[in-house]
Amino acid sequence: MERPLTQNIRQGEAPLNLEQYERAGGYQALRKALLTMTPRGVQEEVKKANLLGRGGAGVATAFKWRFVPLGDDAPYPKYFIVNGDEMEPGTFKDRLLMEGDPHQLIESAILCSYAIEANIAYIFLRWAYRKSARLIGAAIQEAYQAGYLGENILGSNYSLELHLHSSAGRYICGEETGLLNALEGKPSMPRAKPPFPQTSGLFGQPTIVNNVETVCNVPHIINNGSDWFKSLSKTGDGGTKIYGVSGNVNNPGAWELPMGTTLRELIEEHAGGMRDGYTFRGALPGGASTGFLLEKHLDLPMDFITMNKAGTRLGTGTVIVLDDQTSVVGMMKNLMHFFAQESCGWCIPCREGLPWIEKVVHAIASGKGKKTDIQWLERQCKLLGPGNTFCALAPGAIAPLQSAIQYFREDFESLIAE
Amino acid sequence: MAAVYIDNIAYEMDEKLNLLQAALSKGLDIPYFCWHPALGSAGSCRLCAVKQFKDEHDTQGKIVMSCMTPVQDGTRFSIHDPEVTAFRKSILEFLMVNHPHDCPICDEGGECHLQDMTVMTGHNYREYRFKKRTFRNQNLGPLINHEMNRCIQCYRCERFYTDYAGGDDLHHFGAHNRIYFGRFEDGPFKNEFSGNLVEICPTGVFTDKTLKQHYTRKWDLQTAPSVCVHCAVGCNTVPGERYGTLRRIRNRYNGEINKYFLCDRGRYGYEFVNHENRARHPMLHQKEKRFVSISMEEAKQQLEQIATHSRGLIGIGSPRAPLESNYALWKLVGKENFFAGVDDNEFQIQQTIIDIFQNGPVRSPSLQDIRKADAVLILGEDLTNTAPMMALAVRQAVRNQASKISRSVGIPDWQDAAVHNAIQDKKGPLFVLTAAETKLDTIAQESLHAAPGDIARLGYAIAHALDSSAPPVGGMTNEEEALVKQITQALLQADRPLIISGCSLNREVVESAANAAWALQKKKTDVQLAYSMMECNSFGLALLTNQSLRSANQTLDAGHADTVIILENDLYRRGSQQDIDALLNKAETIIVLDHMTHSTTERADLVLPASTFAEGSGTFVNQEGRAQRYYQVFIPEGDIQDSWRWLRAMEPIQNDTLRRWNRLDDVISALSSEFPQFQPVKDIAPTADYRAAGQKIPRQTYRYSGRTAINAHREIHEPKPKDDVDSPLAFSMEGYTGVPPAPLIHSFWAPGWNSIQSVNKFQSEVDGPLRGGDPGKRLIESNQTAAPAYFHSIPDTFQATEEGVLFVPLYHIFGSEELSVQSPGIHQLAAIPYLSMHPQTAETMNLEEGDLVEIEGIETDIEFPLKLDISIPPGLAGYPAGLPQLKGAAFPLFGTVKRMVKEGRISSPHD
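Residues numbered from 1 in each chain as written. Chains lettered and ligands numbered in written order. Predicted model: local features only at pLDDT ≥ 70, side-chain atom pairs only at ≥ 80, totals over all residues.

> Even after reading the chapter, I still don't get the overall build of chain A, so can you show me in this structure?
Per the secondary structure count, chain A includes 17 helices and eight strands. Taken over C-alpha atoms, the radius of gyration comes to 22 Å for chain A, in line with the 22 Å a tight globule of 418 residues would show. Principal axes of the C-alpha set define a box for chain A whose edges measure 75 × 45 × 35 Å. Each of the 418 residues in chain A was classed as buried or not, and the buried ones make up 59%. Taking as baseline every contact in chain A between residues at least 6 positions apart, the subset at least 24 positions apart corresponds to 72%. (Helix = DSSP H or I, 4+ residues; strand = E, 2+ residues; numbered from the N terminus. Rg over C-alpha atoms; globule rule 2.2 N^0.38 Å. Buried ≥ 20, exposed ≤ 12 C-beta atoms within 10 Å, placed from the backbone. Contact = placed C-beta atoms within 7 Å.)

> Is there a simple way to explain the pairing of strand S18 (residues 375-379) of chain B in this structure?
Successive residues of a regular strand alternate their side chains across the two faces of the sheet. In terms of residue burial, S18(B) counts as a mostly covered element, since five of its five residues are buried. The side-chain alternation of S18(B) yields two buried faces, one formed by Ala375(B), Leu377(B) and Leu379(B) and the other by Val376(B) and Ile378(B).

> Before we go on, may I ask you to explain unusual backbone geometry in this structure?
Peptide bonds are, in most cases, trans, and in most cases residues other than glycine have a negative phi. The omega torsion across Lys193(A) and Pro194(A) is -5 degrees, close enough to zero to call that bond cis. Here Pro194(A) and Pro195(A) are connected by a cis peptide whose omega angle stands at 0 degrees. Tracing the backbone shows Pro195(A) in the loop between helix H8 (176-183) and strand S4 (207-211). Of note in the backbone geometry, Glu117(A) takes a positive phi value of approximately 55 degrees without being a glycine. Turning to its location among the elements, Glu117(A) is positioned in the loop between helix H6 (102-115) and strand S2 (120-125). Taking the number of C-beta atoms within 10 Å as the measure of exposure, Glu117(A) has 22 and is therefore buried. A positive phi is found at His176(B), a non-glycine position, where the angle reads about 35 degrees. With respect to the element layout, His176(B) can be found in the loop between strand S7 (171-173) and strand S8 (180-182).

> Explanation requested: the interface of chain B and chain A in the structure shown.
Interfaces are frequently sized by the accessible area removed from exposure as the parts join. Listed as interface residues are 31 residues of chain B and, on the opposing side, 29 residues of chain A. Listing elements by their share of the side of chain B that touches chain A, those giving two or more residues are strand S4 (62-65), helix H2 (82-96) and helix H14 (416-423) of chain B. Looking at the side of chain B that touches chain A residue by residue, the classes come out as 18 nonpolar, ten polar and three charged. (Nonpolar A, V, L, I, M, F, W, Y, C, P; charged D, E, K, R; others polar.)

> Explain the pairing of strand S19 (residues 430-434) of chain B here, please?
All names here are of chain B. Of all five residues that make up S19, five are buried, and the element is covered over most of its length. Burial along S19 is two-sided: Leu430, Val432 and Thr434 facing one way and Phe431 and Leu433 facing the other are all buried. Looking at chain direction, S19 and strand S20 (residues 446-449) are connected through four bridges and run parallel. Among the inter-strand pairings, Val432 is bridged to a residue of S20, identified as Ser447. (Pairing = 2+ DSSP bridges.)

> I tried to follow helix H19 (residues 549-557) of chain B on my own but got confused; where do I start?
A turn of α-helix holds 3.6 residues, and therefore any two residues three or four places apart point the same way. Residue and element names in this part refer to chain B. Those residues of H19 that fall on the buried side of the exposure criterion are Leu549, Ala552 and Leu556. Axial view of H19: buried residues confined to an arc of 40 degrees, hence all on one face. Turned more than 90 degrees away from the buried face of H19 sit Gln554 and Asp557, all of them exposed. Buried residues in H19 make contact with strand S16 (313-317), strand S17 (338-340), helix H10 (344-359) and helix H20 (577-585). Taken from the residues just after H19, Gly559 is the one with a positive phi, measuring 80 degrees. (Arc of directions from axis to C-beta.)

> Mind showing me how you'd approach the sheet that holds strand S30 (residues 777-778) of chain B here?
Strands in a sheet are paired, the pairing made by backbone hydrogen bonds, and the direction either parallel or antiparallel. Strands sit in the order S26-S27-S30 (chain B) across an open sheet of three strands; the sheet is antiparallel. What marks the edges here is a single partner per strand, and that holds for strand S26 (618-621) and S30 of chain B.

> Would you take a moment to explain the sheet that holds strand S21 (residues 497-502) of chain B for this structure?
All names here are of chain B. Pairing in this open sheet of five strands is parallel, and the strands run S20-S19-S18-S21-S22 from one edge to the other. Only two strands of the sheet have a single neighbouring strand rather than two, namely S20 and strand S22 (528-532). Between one strand axis and the next, the sheet turns by 10 degrees as a mean value, whatever way the strands run. Here helix H17 (residues 507-521) sits on the sheet in contact with S18, S21 and S22, set at roughly 165 degrees to S21. (Axes fitted to C-alpha atoms, helices over the stretch in contact; angles between N-to-C directions.)

> Sorry if this is basic, but what is going on with H14(B) here?
All names here are of chain B. Most of H14 is tucked away, with eight of its eight residues classed as buried. Here H14 has its buried residues at Asp416, Ala417, Ala418, Val419, His420, Asn421, Ala422 and Ile423. Those residues of H14 that are buried lie in contact with helix H4 (156-164) and helix H13 (388-408).

Below, the structure written as structure tokens:
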């Protein structure tokens with residue numbers, strides 16, 4: 001089984017430096033693209049590969065790129081941003097890539113920047129990822145010295161500046177447009193779309209924001225072609241996926257597996273099954289802002305389309321397992337606390353609704369719930385649904401709660417009855 | 001235009017608008033918080049939610065925000081769909097989670113947009129059972145009260161203050177449900193437009209602290225349409241009175257002028273009306289007893305006697321008195337005996353400006369025209385301090401070229417945040433050439449600080465660069481040439497270039513601005529030229545007379561007159577103590593009509609109490625040349641009346657012109673027929689005979705309380721309301737309750753809309769003119785075909801010398817204006833005397849920051865602490881203009897400055 005994204009990563013070992021990375025075939029894709037392919041050509045290959053965004057939304061990467069104006073008449077400068085603000089609860093897949101193979105990230109960032117003819121690129125990093133910051137910072141220096149960054153890269157006439165920016169540390173900074181505001185030095189609040197960042201993004205210029213895992217696929221697509229990429233997957237969504245598992249399992253961790261691996265395989269094979277005395281009750285498939293999967297879903301392939309059909313989302317693909325010993329309501333209390341705290345404060349339903357929801361869930365968890373609370377929570381979940389709030393934070397926040405009430409209603413009721 | 005279906009009814013809507021604005025324009029009620037017609041859409045509050053349907057078969061639909069939805073042909077929406085109605089209701093419930101239940105004691109109550117929206121959405125029962133969030137409030141100084149617990153976080157305050165008005169000390173702090181709006185520390189707001197927060201805020205976070213000092217419920221205020229008296233811009237206002245005290249000023253929308261906003265001087269300067277130094281009764285000067293109060297009848301007898309025995313009368317008019325009173329005095333004393341009561345330099349400048357507008361080809365713009373300009377050159381004027389609302393208009397104008405960027409990527413102008421993101425800090429061309437740093441410098445493409453003469457030279461040079469037949473300027477430096485070229489190109493490339501100057505400095509600056517505008521006019525069609533003036537009726541007085549105050553001396557010297565009638569003026573603000581003393585010493589009798597007592601009333605033999613803007617009605621002409629009517633708000637205590645009414649008694653009985661004037665309309669019709677240029681004045685508002693549906697228009701609201709009891713301490717019977725012969729307004733709560741003609745709108749209210757947001761019910765379309773047209777009429781239109789000769793008086797380059805400094809006046813929004821500074825709040829914030837100069841200049845005179853200096857030729861006890869200011873060119877010294885402490889201290893043009901020597905005093909740190 002091929003594991004292109006993690007092929008250079010050895011547990012417990014330092015990541016490859018520039019020389020080692022080059023020896024392992026690194027920067028070949030960049031060389032190929034810059035010297036033999038047009039930006040549009042790179043986009044075409046990625047389009048054929050059907051690479052879907054790994055940040056959680058699953059938007060086709062090439063589709064996103066397509067709206068960036070190219071050519072001499074395009075606005076100057078244009079920006080490419082790698083979103084490394086991995087703050088989704090339970091999610092640690094990008095960290096693996098950033099700490100494990102920083103040069104792969106840099107090569108990928110340059111390639112993607114080239115695909116949209118960006119002049120300036122940023123890696124926007126979660127504040128807490130100090131180790132990633134150190135490693136990426138060192139790798140950027142090496143790349144500049146080797147001429148992979150800066151003026152006239154590899155004699156191709158293409159130039160790029162790459163900067164590392166550590167976030168000030170809020171969940172909403174990871175939202176595409178909230179990230180842009182944060183990078184501009186403004187409070188991180190999302191922007192209305194349209195206009196999309198492709199036309200008016202960072203500092204008002206055309207901008208693309210892609211997730212770390214997403215971009216890391218690009219050199220491999222360029223090296224091996226789109227057909228190879230599609231063949232890695234078990235389903236229609238191309239490539240591999242870094243899945244992760246946390247919770248009361250024997251071997252929590254993250255693994256690069258074919259896209260469409262089942263939840264059962266993930267938990268039983270890779271995570272080593274449930275710990276003794278714990279029984280599987282359900283799982284959030286992709287971070288905190290996705291709805292639950294149950295035992296009946298264990299054999300579904302974990303890809304974007306299937307998960308949507310199952311009433312949830314693939315999200316980040318890092319699974320949080322719920323067992324029979326853990327309080328669902330307590331878990332919801334923690335999650336609602338997180339989301340209420342991380343609401344940026346821009347729109348009313350999210351800003352005022354989430355803290356209220358948190359208080360009600362907390363009341364239920366501490367035995368002070370009222371009979372009407374469950375219905376009330378269900379109503380709030382509808383009010384905070386997609387389109388009703390300014391961005392996707394609130395709809396994401398209520399996704400686990402809504403499905404918890406749907407699947408584990410008795411847990412809520414029993415606490416109120418007591 | 002697009003056909004949009006709302007609840008299955010087709011409406012024609014403008015595609016340039018968002019659905020919310022378009023729907024409000026059609027008279028539909030969609031509730032909202034964060035949207036504001038001047039600020040555009042933010043999408044934050046989610047209250048303007050409506051249901052959008054794909055087509056007529058779609059019954060499901062989806063919720064969209066009407067403020068973020070562009071008007072598109074064939075789209076279908078519902079406002080009343082049950083799901084979206086419930087959603088809007090829940091938004092209010094969310095807000096009520098933390099909003100305190102303090103409506104009964106909240107200053108905003110009764111005029112609160114949050115109250116209105118709560119009622120409109122139908123929210124009335126709140127399920128929340130936990131603790132409310134609380135904040136600490138800030139002391140924001142004497143003008144604005146802060147009560148953060150009421151905040152609903154709509155972000156309007158910050159968007160107005162920062163994005164619209166250019167302020168930098170109001171921000172939101174924190175995140176999630178603890179967003180805090182305030183300053184980083186306690187203290188008054190630094191921005192000149194902060195008072196608008198009380199109207200921008202949809203609830204009671206920011207409220208009017210001056211109103212709080214003498215609070216009354218908003219519906220208990222008696223109001224009338226008015227015009228601001230604190231500068232020459234002529235913003236429209238609504239003053240409110242209760243129990244004989246003026247309580248507050250609120251904005252009165254005029255699409256051509258101030259629209260939704262006022263400056264802080266205009267909003268908070270009103271309290272001079274309540275000042276204890278008001279003249280309320282006629283006062284006769286009797287040598288041994290000083291002033292004694294006399295009755296109105298006695299005063300009239302005195303006036304008749306003086307008139308009968310006088311060898312002749314001269315009149316000194318006032319730039320802060322209405323046209324009618326100035327005209328009455330003009331009529332009484334005769335054209336050749338009427339003089340403008342303004343400072344000589346300012347008088348010359350004003351006459352030049354009138355001449356430029358009357359005989360030149362370039363027109364003066366309204367504030368709305370200024371907001372639409374796309375390249376602006378300012379010569380010599382610190383607009384933020386001399387004509388604040390003009391500066392606010394310029395701040396909008398600089399966005400016009402920049403917003404081409406956002407339009408080019410398909411962002412509609414109403415999508416405010418997106419426009420800001422797209423254009424970032426890019427600004428259209430604005431060039432500011434002034435004597436010292438101004439606030440507009442920060443948004444200018446180029447700003448330059450120079451001596452007044454050098455500013456004029458640049459203006460002349462720009463004119464010459466635009467049209468070689470304009471006189472050339474010799475001896476320009478390379479930098480100056482480059483700047484001239486840059487400005488010239490920007491003006492030529494613009495679609496609506498605008499040149500602004502004013503009365504701050506000298507005639508040459510004003511003339512150079514005219515040259516530049518005229519030269520530009522030869523190349524372009526849509527050129528505009530604005531001059532700021534100093535007072536609310538400066539323009540009107542300058543149209544009425546071309547005789548200066550100085551020339552009054554000659555008439556008195558010649559012995560043709562021995563009686564001076566001074567109209568609403570403190571002459572000691574118009575010249576040096578010495579000059580004014582000399583003038584007044586020549587008169588045997590001095591009559592002063594004014595509402596304040598001051599140094600000039602001290603010299604009077606007879607003082608007659610005149611009405612302020614709130615106690616009388618009349619007409620002011622603003623700096624644009626627009627005549628506007630203001631109306632009496634309340635009946636004052638005492639013998640106060642309009643000056644023209646007093647003057648009637650002085651007319652010889654056989655003349656019988658003034659004596660026939662019983663109503664304001666009589667004066668206006670005489671004025672309009674006597675002067676062709678004042679002819680439109682009679683058409684700016686309905687006459688006193690106007691009736692709406694047979695009724696007068698009440699000054700009091702529907703809900704005005706205590707009518708039958710308000711005078712009970714004096715008289716148990718409810719008195720008949722006093723008749724107002726001057727206007728179709730009544731001192732009553734009875735009368736016509738519909739929307740009156742625009743000039744007579746005295747308050748904004750509509751069913752369900754108790755806050756100022758109700759203005760949308762009075763506009764022909766949201767953000768457009770008031771229904772029936774915005775009030776006011778322009779008295780001067782330029783003559784497009786005129787080709788006047790260019791001005792030629794090009795000054796020499798200024799050279800700093802060691803012999804002395806060139807004095808330049810610097811203006812302060814708080815302090816430089818006579819009336820507003822009498823208001824306690826403004827007085828507290830007013831500038832204090834200082835002298836400022838470049839460190840280099842100070843060094844040549846051995847002076848240091850903070851040194852107390854004296855100025856040769858000025859006899860005054862005032863100490864001038866020295867301020868070092870690197871923005872002032874070397875060789876110049878700036879002083880604060882118009883401060884009450886500096887009255888009578890006429891600064892020389894050029895003079896010496898030295899450190900003050902204090903006799904018999906050893907300075908110590910404890911001084």
